[in-house]
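Coordinate analysis (summary)
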Amino acid sequence: MSVEERTPVRRGPARHGELLGQLVQVLLAEGFAHLTLDDLAARLRCSKRTLYAIAGSKEQLVRAAVVHFFRTATGRVEAALAAPRPPADRLVAYLQAVSEELAPASARFYDDVAAFPPAAEIYERNTRAAARRVQGIIRDGVAQGAFREVDAAFAADVVTSVMVRIQQRQVAAGTGLDDAAAYEQLTGLLLRGLAKEPGA
């Protein structure tokens, strides 16, 4: 009896989800612009036919993997805010969780995402959703007196601008910081800017 005969083969949605997870790991580490479907099938140890069952082309497969990456990351980031905590701690927890989710991605992955419009659009959409989340945390902090009086919409607009610049690789080009490190710096600047004066 061969190994293939002894080992159950997962099929359908469960198998597709497993393959997408594995594909995400490959793309995060290596990028994708230079990889062919043959390369991807070899990395995942599956047939091209199996990949075609998930998406009809390499471009669609990459898009599906990027969607999977951000959907999974968003779930984990939101889980980081599940426990009640003060606004400053919520802000730190949120941006640190974003940074941690982005940390495994290589510079090549980010460059390829920026150069591939379908993937760039997904990244930008998630970036703007994250900025809205930050705006809500800042607004709550101001209302609770935890942050000094600031215009939450303006603060969120600044955050959005920085996040978009990170996503578009402009921060990396200008500073040499990768995306995760840039988010760490943004967190520090936000906390200092929102901190109330002693005795206020």
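So, here is what we can say about the structure in this document.

Definitions and cut-offs
Residues numbered from 1 in each chain as written. Predicted model: local features only at pLDDT ≥ 70, side-chain atom pairs only at ≥ 80, totals over all residues. Heavy atoms only, no water. Salt bridge = Lys/Arg side-chain N within 4 Å of Asp/Glu carboxyl O. Helix = DSSP H or I, 4+ residues; strand = E, 2+ residues; numbered from the N terminus. Buried < 20%, exposed > 50% of the residue type's maximum accessible area, 1.4 Å probe, protein only. Contact = heavy atoms within 4.5 Å. Phe/Tyr/Trp six-rings, centres within 6.5 Å; stacked < 30°, edge-to-face > 60°. Axes fitted to C-alpha atoms, helices over the stretch in contact; angles between N-to-C directions. Parallel < 35°, antiparallel > 145°, perpendicular 65-115°, else oblique. Left-handed = near helix turned anticlockwise from the far one by under 90°. Nonpolar A, V, L, I, M, F, W, Y, C, P; charged D, E, K, R; others polar. Core = buried A, V, L, I, M, F, W, Y, C linked by side-chain atoms within 4.5 Å.

**A few points about the pattern of salt bridges**
Applying the stated rule across the entire model yields eight salt bridges. The partner of R125 in a salt bridge is E121, with the nearest N and O atoms 2.6 Å apart. Of the two residues, R125 and E121 are both situated in helix α8 (residues 117-143); the distance of four residues between them amounts to about one turn of the helix. Classification of E121 as partly exposed rests on a relative accessible area of 38%. Between D179 and R169 there is a salt bridge, with its nearest N and O atoms 2.6 Å apart. Here the residue D179 occupies a position in helix α11 (residues 179-194), and R169 occupies one in the loop between α9 (152-167) and α10 (170-175), the gap between them amounting to ten residues. With respect to burial, D179 and R169 carry one shared label: buried. A single network of salt bridges, built from pairs that share partners, joins D111, R169 and D179.

**Description of the side chain of T160**
Summarising the element assignment, T160 is placed in helix α9. Once residues within four sequence positions are removed from consideration, T160 is found in contact with R128 and A131.

**A word on the packing of aromatic side chains**
For any two aromatic rings, the description comes down to two numbers: the centre-to-centre distance and the angle of the planes. Here the structure, examined in full by the defined rule, presents seven aromatic pairs. Ring geometry for F70 versus Y123: centroids 5.2 Å apart, planes at 40°, classification tilted. Here F70 is found in helix α5 (residues 58-79), whereas its partner Y123 is found in helix α8, with 53 residues between them in sequence. An aromatic cluster of three or more residues is present, and its members are F32, F69, F70, F109, Y110, F116 and Y123.

**Structural notes on the environment of R15**
With respect to the helices, strands and loops of the structure, R15 is situated in helix α2 (residues 12-30). R15 sits in the buried class, given a relative accessible area of 18%. For the pair R15 and I54, spaced 39 residues apart in the sequence, the C-alpha separation amounts to 9.7 Å.

**With respect to unusual backbone geometry**
You will see that R45, though not glycine, has its phi angle at about 55°, which is positive. Counting through the fold element by element, R45 comes out in the loop between α3 (37-44) and α4 (48-54).

**A short note on the packing of helix α6 (residues 87-102) against α8**
Contact pair α6 / α8: the axes reach a minimum separation of 9 Å and the direction vectors enclose 165°. Considering their axes alone, α6 and α8 lie roughly antiparallel with respect to each other. Like other packed secondary-structure pairs, α6 and α8 cross with a definite hand, here left-handed. Counting all contacts with α6, which are made through P87, R90, L91, Y94, L95 and L102, the residues of α8 involved are Y123, A130, R133, V134, I137 and G141. Its residues assigned to classes, the contact of α6 with α8 shows nine nonpolar, one polar and two charged.

**Some thoughts on the environment of A14**
For A14, the location among the structural elements is in helix α2. Its relative accessible area of 37% is what places A14 among the partly exposed residues. For the pair A14 and L81, spaced 67 residues apart in the sequence, the C-alpha separation amounts to 28 Å.

**Quick look at the nonpolar core**
Counting residues in each nonpolar core, the largest one holds 58 residues, and the members touching the most others are L40, Y94, F109, V134 and M163. Those elements that place two or more of their residues in this core are α2, α3, α5, α6, α7 (107-115), α8, α9 and α11. Among the elements that line this core, the one with the most residues is α8, at nine residues. With residues up to four places along the chain from it excluded, the contact list for Y94 reads V77, E78, L81, A130, R133, V134 and I137.

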